[in-house]
Amino acid sequence: MTHTIKFAGVNFNRNGVLASGILGVTGSSMIKTAQGGAGGITCKSISKNFRKGHPTPVLQVFKHGVINAVGLSSTGVDNSNNELRNVKNNSDAVVIASVFGGTEIEFKETIEELDSSVYDIIELNISCPNVADEFGHAFANSPHSASNVMRIARSATNKPIIVKLSPNYPNIGLIAKACEDAGADGITAINTVGPGMLIDINTFQPKLTNKVGGVSGPAILPIAIRAVYDIYKAVTIPIIGMGGITEVEDAIQMIAVGAQLYGVGTGILYHGIDIFNTINTGIDEYLREKNLQYDDLVGIVHKQ
Amino acid sequence: MNNLIEKSYKTFRVDGCTDQKTFYFKIGKVDIKPGQFYMLNYNNSQKPFSVSHYDGENIGFTILKRGNTTLHMIENAKIGDYFGLTGPLGNSFHTEQYTNFLLIGGGVGAAPIYFLSEYLSKINKKNSVLFGSRTSSLCDFTHNLKSNKSATVSYYTDDNSGENQGFVTNGIEEILQKEKIDTVCLCGPEKMMIVASEKIKKFTSVPIQISMERYMKCGIGICGSCVLDDIGLRVCADGPVFDYELLITSKEFGKYHRNSGGLIEKF
């Protein structure tokens, strides 16, 4: 990628983004991933106070992906400030601080307690499917509650705020529009699908301690492509498209349906952190072959 | 990718004492190398464990009572119970280019060292082994190594219940003077591994291979719980075996690790 991409007013040097929840606990880990070619790094969702998360096993692999229920473990705001400062000081990647709260006010307080010099963009994680026992339905499952969180978060920072949406609500475009109307600067889609379940065939027990977990990986690519297609039609704010991307062709499809940037999470399981470099190079080659500019490709499906 | 998918196996043999047990499973033919580990899941309690035995058919894991998961396994798991196994995971000790090994296992770090010694003796490579533990019964599972003609094995205990009293590092000098060692493989408490490595460096510049332990959630390289500061390497997927020269560039080696919530805990 020789040119920068402007997303929500922030310049990205490369067009891949590390998804929240993957290799995002420590600064060192995020810096290393940026070296694999990610232009934006999203940390694991930060909650105001320390959260232990669910007991292991929290992740299980199946033939076409992964289910996980890490349960939003977080070191809390103070420690996260230190880890993100390390990334900000030692990497050219855009730092996206994912935040999580059990209530609207907790979202606001968490953002306020974050040092605004350690991140470029706030991402509201209102779509984790793995903490329903604790918090009930995710905010992303209703236009009203999604827009409430967004509106309250807006007052906490002047930096751009993007909202991460769930594919588990039937009309994702409606939620995206509600977020845009409440002041969102962008949308990240999609979070994990489901939740899903896997069973051990000898013990007949669920393979996760939490019994159920969000589904990610290649299995969910078509759902993610469709969701981003719907969101692009519903809003004018830019989209980070993710969900099941493991190959160049997946990322190209995501951009073609309207993603300004593509994201990778579980894809690292299949191709390591260099997946970003591989996909970026592949996109460049594709654009040259097709004689297209990057901006022409974004949302091209809708112009046919 | 099949190694990443959990499969459950019945344990058919359990050895050991009240503090430490070895569980065996019939898994058939799998490509497993010394230093690799599995995620073991017993009744929804899961942790990573190094392979301590594999004979081409049966695999063994030696588990020391340390926290809730290991306590649960040691006190409750019995012959016939199922464990979920995910693996083999991670890299392994380099063995091909070397001919004469010094192996050091401290505490339950003896587990992968035991498998490594078994493996080396099978391919007739000379290995001198030093085991250190707080009491001799914790090393009982390794006693049959002495019958291999390629292996020389010595034991050190804190409570003088075994061959020699004192630190496992006491035995290093004699072996390095006697043998033409061309690599050293270590697994155990980090402070011990640092003392051992510094001692070895005074005698020789042979490669020192260190098997590391960190809190792991996924074991397959994506959660980020076991990443080393500041080198950014994952113990589960880039390790667990690292070269000493690389490890000393990590600021946490021998000093701290992170707990399940990602918080720093000093050693």
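Residues numbered from 1 in each chain as written. Chains lettered and ligands numbered in written order. Predicted model: local features only at pLDDT ≥ 70, side-chain atom pairs only at ≥ 80, totals over all residues. Heavy atoms only, no water.

**Some words on the overall build of chain B**
Looking only at helices and strands, one finds 5 helices and 16 strands in chain B. For 267 residues, the compact-globule formula gives about 18 Å, and the C-alpha radius of gyration of chain B, at 17 Å, lands near that figure. Its C-alpha atoms give chain B principal-axis dimensions of about 50 × 45 × 35 Å. By sequence separation, contacts in chain B at least 24 residues apart represent 65% of the contacts at least 6 residues apart. Split by element, the accessible area of chain B, about 11,000 Å² in all, is 49% carbon and sulfur. (Helix = DSSP H or I, 4+ residues; strand = E, 2+ residues; numbered from the N terminus. Rg over C-alpha atoms; globule rule 2.2 N^0.38 Å. Contact = heavy atoms within 4.5 Å. Areas by Shrake-Rupley, 256 points an atom, 1.4 Å probe, with all protein chains shown as cover.)

**Details of the overall build of chain A**
When its secondary structure is counted, chain A shows 11 helices and 14 strands. Its C-alpha atoms give chain A a radius of gyration of 18 Å, near enough to 19 Å, the size a compact globule of 304 residues would have. Overall, chain A is about 55 × 50 × 40 Å in size when its C-alpha atoms are taken along their principal axes. The 304 residues of chain A split such that 62% are buried. (Buried < 20%, exposed > 50% of the residue type's maximum accessible area, 1.4 Å probe, protein only.)

**Describing the interface of chain A and chain B**
Interface size is commonly expressed as the accessible area that is lost once the parts come together. If you look at the interface, chain A gives 36 residues, while chain B gives 34 residues. Buried surface at the junction of chain A and chain B, both sides included, amounts to about 2,900 Å², of which 57% is carbon and sulfur. The tally of links between chain A and chain B comes to 1 salt bridge. The shortest N-O distance in the salt bridge between Glu83(A) and Arg258(B) comes to 3.0 Å. Counting across the interface, chain A meets chain B through 10 residue pairs in polar contact (both at pLDDT 80 or more). Breaking the side of chain A that touches chain B down by element, the ones donating at least two residues are helix H1 (27–35), strand E5 (59–62), helix H2 (77–90) and helix H9 (267–271) of chain A. At 4 residues, E5(A) tops the list of elements feeding residues into the side of chain A that touches chain B. Here the residues of the side of chain A that touches chain B are counted per class, giving 15 nonpolar, 15 polar and 6 charged. (Buried area = accessible area lost by both parts, 1.4 Å probe. Salt bridge = Lys/Arg side-chain N within 4 Å of Asp/Glu carboxyl O. Polar contact = N/O pair within 3.5 Å; in protein donor to acceptor, adjacent residues only side chain to side chain. Nonpolar A, V, L, I, M, F, W, Y, C, P; charged D, E, K, R; others polar.)

**Things to note about the pattern of salt bridges**
All names here are of chain A. Going through the model one piece at a time under the given rule, you end up with 25 salt bridges over all chains. Between Glu-109 and Lys-48 there is a salt bridge whose closest N-O contact spans 2.9 Å. Placement of the pair is Glu-109 in helix H3 (residues 104–113) and Lys-48 in the loop between strand E4 (40–42) and E5, with a sequence separation of 61 residues. Between Asp-181 and Lys-177 there is a salt bridge, and its shortest N-O distance comes to 2.8 Å. Linking Asp-181 with Lys-177, this pair stays in helix H6 (residues 172–181), spanning 4 residues, or about one helical turn.

**With respect to the domain arrangement of chain B**
Residue and element names in this part refer to chain B. The domains assigned to chain B are domain 1 (5–89) and domain 2 (100–266). Look at where the C-alpha atoms of domain 1 and domain 2 centre, and you get two points 20 Å apart. Contact residues are listed per partner, giving 23 residues for domain 1 and 23 residues for domain 2. Taking both sides of the interface into account, the surface hidden between domain 1 and domain 2 amounts to around 1,900 Å²; carbon and sulfur atoms contribute 63%. Counting every contact that joins domain 1 to domain 2 gives 2 salt bridges. Asp-19 is the partner of Arg-134 in a salt bridge, and the nearest nitrogen-oxygen pair spans 3.1 Å. Joining domain 1 to domain 2, the criterion identifies 4 residue pairs in polar contact (both at pLDDT 80 or more). (Domains from an automatic or database assignment.)

**Here's the deal with the confidence of the model for chain B**
For chain B, mean pLDDT is 96; residues scoring 70 or higher make up 100% of the total. Predicted complex metrics record ipTM = 0.94 and pTM = 0.95. (pLDDT = per-residue confidence, 0-100.)

**What about helix H7 (residues 221–234) of chain A?**
Residues and elements named next belong to chain A. Compared with the 20 Å implied by 1.5 Å per residue over 14 residues, the 20 Å span of H7 between its first and last C-alpha is a close match. Three or more residues of H7 are buried, namely Leu-221, Ala-224, Ile-225, Ala-227, Val-228 and Ile-231. Looking down the long axis of H7, one finds its buried residues gathered within 165° of arc, a one-sided arrangement. Along H7, the residues that are exposed and aim more than 90 degrees away from the buried face are Pro-222 and Lys-233. Packed against the buried residues of H7 are H6, strand E10 (186–189), strand E13 (239–241) and helix H8 (248–256). (Expected span 1.5 Å × (residues − 1). Arc of directions from axis to C-beta.)

**Thoughts on the environment of Ser52(B)**
Residues and elements named next belong to chain B. Along the polypeptide, Ser-52 turns up in the loop between strand E4 (46–50) and strand E5 (53–54). By relative accessible area, Ser-52 is classed as buried at 1%. Sequence-wise, Ser-52 and Phe-242 are 190 residues apart; in three dimensions their C-alpha atoms are separated by 19 Å. Filtering out sequence-adjacent residues up to four positions away, Ser-52 remains in contact with Thr-22, Gly-60, Phe-61, Thr-62, Ala-111, Tyr-114, Phe-115 and Glu-118.

**Thoughts on the sheet that holds strand E11 (residues 164–165) of chain B**
Residues and elements named next belong to chain B. Strand order across the open sheet formed by 7 strands is E11-E10-E9-E8-E12-E13-E14, with mixed pairing between neighbours. Pairing within the sheet leaves two strands with one partner each, and these edge strands are E11 and strand E14 (241–243). Direction of pairing for strand E8 (residues 100–106) relative to strand E9 (residues 126–133): parallel, over a ladder of 7 bridges. Note on E9: the bridge partner recorded for Ile-104 is Leu-130. Contacts from helix H2 (residues 110–122) reach E8, E9, strand E10 (151–157) and strand E12 (183–187) within the one sheet, and its direction differs from that of E8 by about 155°. (Pairing = 2+ DSSP bridges. Axes fitted to C-alpha atoms, helices over the stretch in contact; angles between N-to-C directions.)

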